[in-house]
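# Reading the structure
Listed below, chain by chain, are the residues.
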Amino acid sequence: MPSCATCGGTVAPDGRCWDCGGPQPAFRSHLETTVPAGAAVTDRARRDLNADAATLTVSGPWTIGVVCDGVSMSPRADRAAQVAADTAAHVLASRLAADALPEHALDEAALRASRAVTALAASADAAPACTYVAGIASPEGIWASWIGDSRAYWLPGDGPGMTLTEDDTDARDVLTSWLGANAGEPHPRTRSYRPHGPGTLLLCTDGLWRHLPHPAAYRDRLHGPAPLDDARALVQYALDAGTRDNTTALVIRAG
């Protein structure tokens, strides 16, 4: 078992010390995940802990991705993000396999993810929280659902791209929606699109999009032979640009 970097105690599976509760700097510092048509890369950048989470899976013709960003001011934000991403991906895979409509599957996934994060709260004043964006792709089209300011983009091989999501923030760039016990019932928004040709569905956290806010900037960087090359290139761009925030890029090739 690994030893705590602070007190020398035992590190739990969630990356915190059993004895002092301290987060471990190296835990989940850089993770890469692949499926046949997609890849995800997440990096802690200059933060002590990576509170981003990305989950990728496949269900029949569907490629499913979920990206969550732990709210930094909340306790155990990293745990909230991972629980939300894993729960939503599992719900989406099972519901789509049962021939549920994509919109219904996405709504249920967001609700179940919200309940899972809410269950982590010790009290209303100690409530883990995270943002949320889910994307699914099949030969029939692409769908995105979100709560908070993690984003989804459609980046076609030809022609202009588009931002599929709208940030849940106010005029001061403060979050107005998130998942957690202090957020109330979730109200996810969903958008669908039927591409006219091949392209890339991108899900990402603000550690990336604050350095590349416009869809056209992403298209210029998607030239890798495999999805993992593209995800790596996007995260590396943010790191080279000096991002201090956790950074995640999840790409799904679709269309």
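Residues numbered from 1 in each chain as written. Predicted model: local features only at pLDDT ≥ 70, side-chain atom pairs only at ≥ 80, totals over all residues. Heavy atoms only, no water.

The name given to the protein in an unreviewed UniProt entry is Protein serine/threonine phosphatase 2C family protein, and the organism recorded there is Actinomadura bangladeshensis.

## As for the side chain of Asp-168
Along the chain, the position of Asp-168 falls in the loop between β8 (162–163) and β9 (179–180). One polar contact links Asp-168 to Arg-189, side chain to side chain, over a distance of 2.5 Å. The residues touching Asp-168, leaving out its near neighbours within four places in the chain, are Trp-146, Ile-147, Gly-148, Val-174, Leu-175, Thr-176, Ser-177 and Arg-189. (Helix = DSSP H or I, 4+ residues; strand = E, 2+ residues; numbered from the N terminus. Polar contact = N/O pair within 3.5 Å; in protein donor to acceptor, adjacent residues only side chain to side chain. Contact = heavy atoms within 4.5 Å.)

## Here we look at the UniProt feature "domain: PPM-type phosphatase" (unreviewed entry) in the protein
Mapped onto the present numbering, the UniProt feature "domain: PPM-type phosphatase" (unreviewed entry) falls at residues 37–254. What you have in residues 37–254 is 28% helix and 32% strand, and the ends, taken at the C-alpha atoms, are 8 Å apart. (UniProt positions renumbered as here; feature names shortened; annotations may be inferred.)

## With respect to the sheet that holds strand β2 (residues 38–43)
Reading across the sheet, the six strands line up as β1-β2-β12-β11-β7-β8 and stay open at both edges, with antiparallel pairing between neighbours. Only two strands of the sheet have a single neighbouring strand rather than two, namely β1 (30–35) and β8. Here strand β7 (residues 151–156) pairs with β8 via two bridges, running antiparallel. The residue bridging Trp-154 from the neighbouring strand is Met-162, located in β8. Sheet strands touched by helix α5 (residues 227–240): β1, β2, β11 (199–204) and β12 (247–254). Its angle to β12, the strand with the most contacts, is close to 150°. (Pairing = 2+ DSSP bridges. Axes fitted to C-alpha atoms, helices over the stretch in contact; angles between N-to-C directions.)

## Here we look at the pairing of β2
For β2, the buried fraction is high: six of the six residues fall into the buried class. Going residue by residue along β2, you find Gly-38, Ala-40 and Thr-42 tucked away on one face and Ala-39, Val-41 and Asp-43 tucked away on the opposite face as well. Pairing of β1 with β2, which is carried by six bridges, proceeds in the antiparallel orientation. Along β2, the bridge assignment pairs Thr-34 with Ala-39. (Buried < 20%, exposed > 50% of the residue type's maximum accessible area, 1.4 Å probe, protein only.)

## Digging into the state of the cysteines
Working definition: the covalent bond between the sulfur atoms of two cysteines is a disulfide. Applying the stated rule across the entire model yields zero disulfides. Of all cysteine sulfurs in the structure, the one in Cys-68 sits closest to Cys-204, which takes part in no disulfide; the separation is 13 Å. (Disulfide = S-S within 2.5 Å.)

## Examining the side chain of Thr-165
Looking at where Thr-165 falls in the secondary structure, it is placed in the loop between β8 and β9. Residue Thr-165 is classed as buried on the basis of its relative accessible area, which comes to 6%. A polar atom in the side chain of Thr-165 sits 3.2 Å from the backbone nitrogen of Ala-152. When neighbours within four sequence positions are excluded, Thr-165 is seen to be in contact with Val-133, Trp-146, Ser-150, Arg-151, Ala-152 and Arg-191.

## What about the domain arrangement of the protein?
When the parts of a complex come together, some accessible area is lost, and that lost area is often used as the size of the interface. With domains assigned, the protein is organised as domain 1 (1–25) and domain 2 (36–254). Using C-alpha coordinates to define each centre, domain 1 is positioned 28 Å away from domain 2. (Domains from an automatic or database assignment.)

## A look at the environment of Ala-152
If you trace the backbone, Ala-152 turns up in strand β7. Residue Ala-152 is classed as buried on the basis of its relative accessible area, which comes to 0%. Each C-alpha atom of the pair Ala-152 and Val-133 lies 7.1 Å from the other, and the pair is 19 residues apart in sequence. Setting aside anything within four residues of it in sequence, one finds Ala-152 in contact with Val-133, Ala-144, Met-162, Thr-163, Leu-164, Thr-165, Leu-202 and Leu-203.

## Some points on the packing of aromatic side chains
For the structure on display, the rule yields three aromatic pairs. On the basis of an interplanar angle of 50° and a centroid distance of 6.4 Å, the ring pair of Trp-154 and Tyr-193 is categorised as tilted. With Trp-154 in strand β7 and Tyr-193 in strand β10 (residues 189–193), this residue pair connects regions lying 39 residues apart in the sequence. Judged by its relative accessible area of 24%, Tyr-193 is partly exposed. The lysine or arginine in question, Arg-151, covers the ring of Trp-209, its NZ or CZ lying 3.5 Å from the ring centre. Geometry around Tyr-237 places Arg-221 over its ring, the cationic atom sitting 4.2 Å from the centre. (Phe/Tyr/Trp six-rings, centres within 6.5 Å; stacked < 30°, edge-to-face > 60°. Lys NZ or Arg CZ within 6 Å of the ring centre and 35° of its normal.)

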